[in-house]
Amino acid sequence: MSGGARGATVRAVLAVVVLLLLSVGAGALWIGLSRPPEWLVTEQGIVLTEEASGLQVGVELLFVAIGAALSLVWAVVVGFVLRRLGWVLAPIVVAGTLLASIVTWRVGLWLGPGDPAATTDPKIGDLIPAQPAVDALASFLVWPIAGLLGLLLVTWATGRRSRVSVPADPTSLR
């Protein structure tokens, strides 16, 4: 491996490590901003009300929004910094953003409320916070899609554009 290729590999690995560190912060942000639903203890058991289930959608949408923003911005920066790698950036961005989505999700689970079933001695009328959940695979797939969009923007912004020469005298076109 040549020195230039080795340096590019080191920079690519460093970029993914930076993304993973940012995803830890994204997990904390996700849990800090989200409002997980709460289970209600009733005589029939622990139930999730309709209103509370709507909050779950908000938790997942927040995960998607944070992920899309983080992936897009990171990919734009990486695209500019490592653009000499060419097409190799695409699989790096896909793998990095998928891994970042999992790290963010796991950090959110770790920092968020625990499993409601682990609650000891619930009383009727108690509200037990639900664990934050990301139920749809699509929520994780938005991350690499946003990253690839960032690469596409960089490619468009730095790509070669055809140059059309315009004559100095517009009447010479006749």
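No experiment lies behind these values; they were computed from the predicted model shown.

This brings us to the overall build of the protein chain. Counting its regular elements, the protein chain contains four helices and three strands. Counted from the first residue to the last, the protein chain has its helices and strands arranged as α-β-β-α-α-β-α. For the protein chain, buried positions account for 32% of its 174 residues. Carbon and sulfur atoms provide 68% of the accessible area of the protein chain, an area that totals close to 10900 Å².

Let us look at the nonpolar core. Grouped burial of nonpolar side chains is what soluble globular proteins tend to show. If you look at the biggest cluster of nonpolar residues, it comprises 22 residues, and the most contacted ones within it are Trp30, Phe63, Trp74, Val78 and Leu82. Only helix H1 (3–33), helix H2 (50–81), helix H3 (89–111) and helix H4 (137–158) provide two or more residues apiece to this core. Those residues in contact with Leu82, other than ones at most four positions away along the chain, are Arg11, Ala12, Ala15 and Leu89.

Let's shift gears to the packing of aromatic side chains. Taken as a whole and judged by the stated rule, the model has four aromatic pairs. With 5.4 Å between their ring centres and 65° between their planes, Phe63 and Phe140 make a pair best called edge-to-face. Of this pair, Phe63 sits in helix H2 while Phe140 is found in helix H4, placing the two residues 77 residues apart along the sequence. Pair check on accessibility: Phe63 and Phe140 agree, each one buried. Among the aromatic residues, those joined into a ring-pair cluster are Trp30, Phe63, Trp105, Phe140 and Trp143.

In this sheet, strand E3 (residues 127–129) lies alongside strand E1 (residues 38–42) in antiparallel orientation, the contact comprising three bridges. Paired with Trp39 across the bridge in E3 is Ile128. With four bridges joining them, E1 and strand E2 (residues 45–48) adopt antiparallel strand pairing. Opposite Leu40, over in E2, you have Val47 as the bridge partner. The loop that links E1 with its antiparallel partner E2 comprises two residues.

A few words now on the side chain of Thr104. Looking at where Thr104 falls in the secondary structure, it is placed in helix H3. Classification of Thr104 by relative accessible area gives buried; the value is 1%. Residues within four places of Thr104 in sequence aside, it is in contact with Ser23, Ala26, Gly27, Trp30, Phe63 and Trp143.

Glancing now at the environment of Lys123. Assignment of secondary structure puts Lys123 in the loop between H3 and E3. Relative accessible area serves as the criterion here: at 48%, Lys123 is assigned to the partly exposed category. Placed 81 residues apart in sequence, Lys123 and Thr42 show a C-alpha to C-alpha distance of 8.1 Å.

Before going further, it helps to spend a moment on the side chain of Gln56. Note that Gln56 resides in helix H2. Only 2.6 Å separates the side chain of Gln56 from the backbone oxygen of Ala133, close enough to count as a polar contact. Leaving out residues up to four positions away in the same chain, Gln56 has contacts with Pro37, Gln131, Ala133 and Asp135.

Together, Val13, Leu14, Val17, Val18, Leu21 and Leu22 line one region of the surface with nonpolar side chains, adding up to about 530 Å² of accessible area. Here Leu22 is to be found in helix H1. Its relative accessible area of 42% is what places Leu22 among the partly exposed residues.

About the thresholds
Residues numbered from 1 in each chain as written. Predicted model: local features only at pLDDT ≥ 70, side-chain atom pairs only at ≥ 80, totals over all residues. Heavy atoms only, no water. Helix = DSSP H or I, 4+ residues; strand = E, 2+ residues; numbered from the N terminus. Buried < 20%, exposed > 50% of the residue type's maximum accessible area, 1.4 Å probe, protein only. Areas by Shrake-Rupley, 256 points an atom, 1.4 Å probe, with all protein chains shown as cover. Core = buried A, V, L, I, M, F, W, Y, C linked by side-chain atoms within 4.5 Å. Contact = heavy atoms within 4.5 Å. Phe/Tyr/Trp six-rings, centres within 6.5 Å; stacked < 30°, edge-to-face > 60°. Pairing = 2+ DSSP bridges. Polar contact = N/O pair within 3.5 Å; in protein donor to acceptor, adjacent residues only side chain to side chain. Patch = residues over 30% accessible without salt bridge, like charges linked within 9 Å, V, L, I, M, F, W, Y side chains within 5 Å. Salt bridge = Lys/Arg side-chain N within 4 Å of Asp/Glu carboxyl O.

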